[in-house]
Amino acid sequence: MKKIKGFLLIGIIISILITSLIITTAVEMTAEEIINKRDNNEYFDTAQMEAEMIIVSGNRKIIKTMVALTDKKNSFVEFTNPQDRGTKFLKREDDLWMFFPDAEEIIKISGHMLNQGMMGSDFSYQDVMEADKLTDLYDFKIIGEEEFEGRPCYILEGIAREGVKVSYYRRVSWIDKERFIGLKEELYAESGRVLKETRVNEVQEIEGRWVPINSVMENKLRKDTYTEFIITLIKFNLEIPEETFSLQNLR
Amino acid sequence: MFSFKLGLKNLTRQKRRNILIIFVIAFAFSSYLLMDSLMNGMEEMSFDNIKNYDTGNIQVAYPEYWEDRDELLLENLIYLNQDMEESIKNTDGVLGMSPELRFKANLNNGIDEVAVRGVGISIEQYNEVFATQNFVVEGSMFAPGESKAVIGTSLAELMDLKVNDYITLLVRTKEDTFNTIDIEIAGLVRAPNPMINNGIVFVPLDVAQEALNVDNMVSLFALKTVSGEEDRIIKRLVESFKNKDLDLKAYSWKESAASVIALSAAKKGGIGAVLSVVLLIGMLGIINNVILSALERTEEIGMMKALGMREWEIVFVFMVEATGIGVLGGLAGCLLGYAGVSWLAKYGFSIAYVGDASDFGVPILDRIYGTWNYPAFSFLFILGVIIAVLSSILPAYWAAHKDPVKAIYHR
C-alpha cells in the first residue's frame, strides 16, 4: 500500500512539474512568438479544400458551396452551388480576378470594390486578400488571458505598424494556449469601433495540424447578419499544377 | 402682277388639299421648335445643375489628382494654406471658393450598406459657391463647427433614414486602413441635380480630414465666378499659380460635364436629323401639291400658253402658290410652336414619364423646362419659304414646258 502511495505521490509531483514547466514555457512566450506559432499552425504550402458558406441576413439564408486550391500566395476558388456554378475567383499575390459565367467576362476586383462583401457574404474581398505575415504589419502584445468556449486563451492585441498599409488598425485575437489556433478575433477601425468579429466554432486535427473547420464572421456594423464558413474536406501539401493560378484557367 | 394675282387666287382653288399641306408643314415645324426648345432647356438646366450643385464654375486641383478625379483617391491632395486661399479668392472675377475633400465611403444604417461619395465641406464657403442650401427639405445644413451630415432625400429613402438618425460612414484612411465616421443627420436635401440626392453625403471638412488622416488637405477648390468669364479667369489663375510656383491647375466646369456636353453634341445631331425630316416633309408636300395642281390644270396651262403667256410667267404662278403654302404653313407652324414653347417654358415636361434622367447621364431631377430660341422661329420660317420656292421650280417648269396643243387636248 505504501508503495502505491509512493508511486502516486511521485506521479503527482512529476505531473505538477511537467504542467508548471509547460505553463512557464508558455507564459514566457512573447506575443510575436505566439502569433508566429499560430501562423505556422494555420498556414501551409498548398491545400485543396471543399467548403460551404452560409450567409445569414435577417431571415434570409443563402448557402454557397465551393472548391478551392491554394498555395502560399495564390488561390483559386470555384463555386459549385447551382445559382453560382461556374463563378470563379483567382487571387494571384496582390491581385484578384473574378469570372462570371453569365457575363463570360473576367473582372479585376480593385479599389473600392475590395470593400464589398464577397458573393454577398460578410467576408470582404479585402479580407480574402490579406496574406502578409501579421507580425510584419502589426505590433502585438499580450493584453490578458481568459477562457474562450472552455479553452484557455491568450488575448493578443495588434496595432498597425506606422507606415504600413493594413485594412484594420487594431485586432484583438484569442489564441488557444495549447493548440495555438485563433479562436476569436475582433477587427477594429481606427476610430475604435469594432468592424468585424470572427469566432471559431469547431476545430479538428487534420494531418497533424489544428484546422478551424467551422468559423463565423460577423460584420459588426450590420445587425442580424453573419457568414458561417464550414470546411467539409481539406487536404494539405498536394501538388498543384502551376497553370491552376492562371487567367486562362479562370474562363 | 397678273401671274402673282393668279398664283394667290389658285391658293384658294384646292382649299382642302392646301389646308392639309399647310397643317402638315405646321405640324412638322412646330415639332421641330418644341424639340429644339426642350433640348436647349435640357442642356441649359444640365449645365446649371452641374455648375450650381457639383463643380462650381471652375475647379482648382493638381493635374495628377484631376486625371483620376473619379477614383476619389486620397493622393495628390492640396495642402491648405492661407496665402494660396487668399490668392485664389482675390483673383478678379472669383465670387466664392469652396475647399472640398472628396472620398469614397460606405454608408451604413446598421442593417444595410451602400457605396456613396463623401464630401467634406466648409459649410460657409460651400454656401458661397453652391445653391444646395436652398433645397434642404427637412432639417437644415449643418452649422459651422457642428459635427453633422447632410444627405439627399433619395439616399435617405433608400436607407430608411430621417433627420436626427445616426449613420456610420465606413471609409479608408490615407494609409488604406478602415475608419468610421459616426454622425447625426442634420438635414435632407432635394437638389435639382439628382446626383446630390442619390449618392452624396456631406460632412464637415475637419471631420472628414480627421477620419481620413489627411491633415489639413483637400481634393480641390470649387470656385464660383462671373458666368461666361471662366476662360479668362482660368488664365488669370494659371498665371498666378505660375508666379507662386504652384503646380495647381484650373479647370472649367465644362471638363467635368464632358458626358453632358457629348450628349448635347449628340442632341445637335438629332436636331439636325429632325430638321432634315421637317424640311423633307415640307418639300414633298409642296412638290406633290405643284404636280397635282399642274396635272389638274394641264388644259388651263395649255390655254394660257396659247393665249401668249410665257413659260416663266406660268412657273411664277406655281411658285407664288407654293410660296403661299410655305408662308402659311410656316406661320401656322411658328404659331403652334409659340404656343407649345410657351407651355414648355412655363410648365415644363415631366421626365418621370421616361424614367430617371440621371440614368441617361442627364443631371436633371424631374422637369425639363423649355427655353426660347427666337432665331429658330425666324430661321425655320425663312428656310420654309425658301424650300417652298425652290421645291416648286422644277415641277412648275415641268408643267409650263408642256406643248400647248397637247396640253389643251390632254385627256
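Only a predicted model underlies this, so the values are computations on that prediction, with no experimental measurement involved. (Residues numbered from 1 in each chain as written. Chains lettered and ligands numbered in written order. Predicted model: local features only at pLDDT ≥ 70, side-chain atom pairs only at ≥ 80, totals over all residues.)

K.L.:
Help me out: how do you make sense of the overall build of chain A in this one?
P.N.:
Along chain A, the regular secondary structure elements total 5 helices and 13 strands. Sorting the 251 residues of chain A into buried and exposed places 26% on the buried side. (Helix = DSSP H or I, 4+ residues; strand = E, 2+ residues; numbered from the N terminus. Buried ≥ 20, exposed ≤ 12 C-beta atoms within 10 Å, placed from the backbone.)

K.L.:
Just to check I follow, could you spell out the overall build of chain B for this structure?
P.N.:
Scanning chain B from terminus to terminus reveals 15 helices and 14 strands. Principal axes of the C-alpha set define a box for chain B whose edges measure 100 × 50 × 30 Å. For chain B, buried positions account for 42% of its 411 residues. In chain B, 83% of the contacts between residues at least 6 apart in sequence involve partners at least 24 apart. (Contact = placed C-beta atoms within 7 Å.)

K.L.:
So what exactly am I meant to see when it comes to the environment of Gly 117 of chain A here?
P.N.:
All names here are of chain A. Within the secondary structure layout, Gly 117 lies in the loop between β6 (105-109) and α3 (125-129). For Gly 117 and Leu 183, which are 66 residues apart along the polypeptide, the C-alpha to C-alpha distance reads 22 Å. Gly 117 has contacts with Asp 122, Phe 123 and Ser 124, leaving out every residue within four places of it along the chain.

K.L.:
Is there a simple way to explain the interface of chain A and chain B in this structure?
P.N.:
How large an interface is tends to be reported as the accessible area lost when its parts come together. The interface of chain A with chain B comprises 17 residues on the first partner and 17 residues on the second. Of the residues contributing to the side of chain A that touches chain B, the split by class is 7 nonpolar, 5 polar and 5 charged. (Nonpolar A, V, L, I, M, F, W, Y, C, P; charged D, E, K, R; others polar.)

K.L.:
Which parts of the structure should I look at to understand the pairing of strand β7 (residues 166-172) of chain B?
P.N.:
As a general feature of sheets, a regular strand has side chains that alternate between the two faces. Residues and elements named next belong to chain B. Counting buried positions along β7 gives 6 out of 7 residues, so the element sits mostly inside the fold. Bridging between strand β3 (residues 94-108) and β7 involves 3 bridges; their strand directions are antiparallel. What sits directly across from Asn 106, in β7, is Leu 170. Where β7 lies against strand β8 (residues 178-189), 7 bridges are found, and the strand directions are antiparallel. Bridging across to β8, Val 171 finds its partner in Asn 179. The antiparallel pairing of β7 with β8 creates a hairpin that spans 5 residues between the two strands, and Asp 176 there sits at a positive phi of about 75 degrees. (Pairing = 2+ DSSP bridges.)

K.L.:
It is not clear to me how the domain arrangement of chain B should be interpreted in this structure. Could you clarify?
P.N.:
The domain boundaries assigned to chain B delineate domain 1 (2-51 + 260-408) and domain 2 (58-226). Summarising the inter-unit geometry, the C-alpha centres of domain 1 of chain B and domain 2 of chain B are found 51 Å apart. (Domains from an automatic or database assignment.)

K.L.:
Quick question: what am I supposed to make of the packing of helix α2 (residues 15-55) of chain B against helix α14 (residues 374-400) of chain B here?
P.N.:
To describe two helices that pack against each other, one gives the angle between their axes and the distance between the axes. Residues and elements named next belong to chain B. Close contact between α2 and α14 brings their axes to 11 Å; oriented N to C, the two are set at 150 degrees. With respect to α14, the element α2 is oriented roughly antiparallel. The handedness of the crossing between α2 and α14 is right-handed. Contacts between α2 and α14 pair Ile 25, Phe 29, Tyr 32, Leu 33 and Asp 36 from the former with Ala 376, Phe 377, Leu 380 and Gly 384 from the latter. For the contact of α2 with α14, the residue count by class is 7 nonpolar, 1 polar and 1 charged. (Axes fitted to C-alpha atoms, helices over the stretch in contact; angles between N-to-C directions. Parallel < 35°, antiparallel > 145°, perpendicular 65-115°, else oblique. Left-handed = near helix turned anticlockwise from the far one by under 90°.)

K.L.:
Sorry if this is basic, but what is going on with unusual backbone geometry here?
P.N.:
A negative phi holds for most residues other than glycine; trans holds for most peptide bonds. Residue and element names in this part refer to chain B. Phi at Asp 160 takes a positive value of approximately 55 degrees, unusual for a residue other than glycine. Unusually for a residue other than glycine, Asn 164 sits at a positive phi of about 80 degrees. Tracing the backbone shows Asn 164 in the loop between α6 (153-158) and β7.

K.L.:
For this particular structure, what's the right way to read the nonpolar core?
P.N.:
The tendency in soluble globular proteins is for nonpolar side chains to be buried as a group. All names here are of chain B. Ranked by internal contacts, the top residues of the largest apolar core, which has 86 residues, are Val 60, Ala 149, Val 201 and Leu 223. Those residues in contact with Val 201, other than ones at most four positions away along the chain, are Ala 105, Leu 107, Val 116, Gly 118, Ala 149, Ile 151 and Leu 169. Ala 28, Met 39, Val 341 and Ile 387 belong to the second-largest nonpolar core, a separate cluster that totals 43 residues. (Core = buried A, V, L, I, M, F, W, Y, C linked by C-beta atoms within 7 Å.)

K.L.:
What am I meant to see in the pairing of strand β6 (residues 148-152) of chain B here?
P.N.:
All names here are of chain B. β6 sits mainly inside the fold: 5 of its 5 residues count as buried. The pairing of β6 with β8 spans 5 bridges and is classified as parallel. Opposite Val 150, over in β8, you have Gly 187 as the bridge partner. Sheet topology note: the β6/strand β9 (residues 200-204) ladder contains 2 bridges and is antiparallel. When the bridges of β9 are listed, Val 150 appears paired with Phe 202.

K.L.:
I would appreciate a short explanation of α14 of chain B in the present structure.
P.N.:
It helps to recall that an α-helix has 3.6 residues per turn; residues three or four apart then point in one direction. When the terminal C-alpha atoms of α14 of chain B are compared, their 39 Å separation across 27 residues agrees well with the 39 Å that a helix rising 1.5 Å per residue should span. Bending of α14 of chain B peaks at approximately 35 degrees at the position of Ile 393 of chain B, with proline Pro 395 of chain B no more than four residues after it. (Expected span 1.5 Å × (residues − 1). Bend = angle between axes of the 7 residues up to and from the residue.)

K.L.:
Where do I start with the packing of helix α13 (residues 311-347) of chain B against α14 of chain B in this structure?
P.N.:
Residues and elements named next belong to chain B. Where α13 meets α14, the closest approach of the two axes is 7 Å, and the angle between their N-to-C directions is 150 degrees. Viewed along their axes, α13 and α14 adopt a mutual orientation that is roughly antiparallel. Of the two elements, α13 crosses α14, and the hand of that crossing is right-handed. Residues that form the contact of α13 with α14 fall into these classes: 20 nonpolar, 8 polar and 1 charged.

K.L.:
It is not clear to me how the environment of Ile 143 of chain A should be interpreted in this structure. Could you clarify?
P.N.:
When you line up the elements, Ile 143 of chain A lands in strand β7 (residues 138-148). Residues Ile 143 of chain A and Gly 158 of chain A lie 15 residues apart in sequence; the distance between their C-alpha atoms is 9.8 Å.

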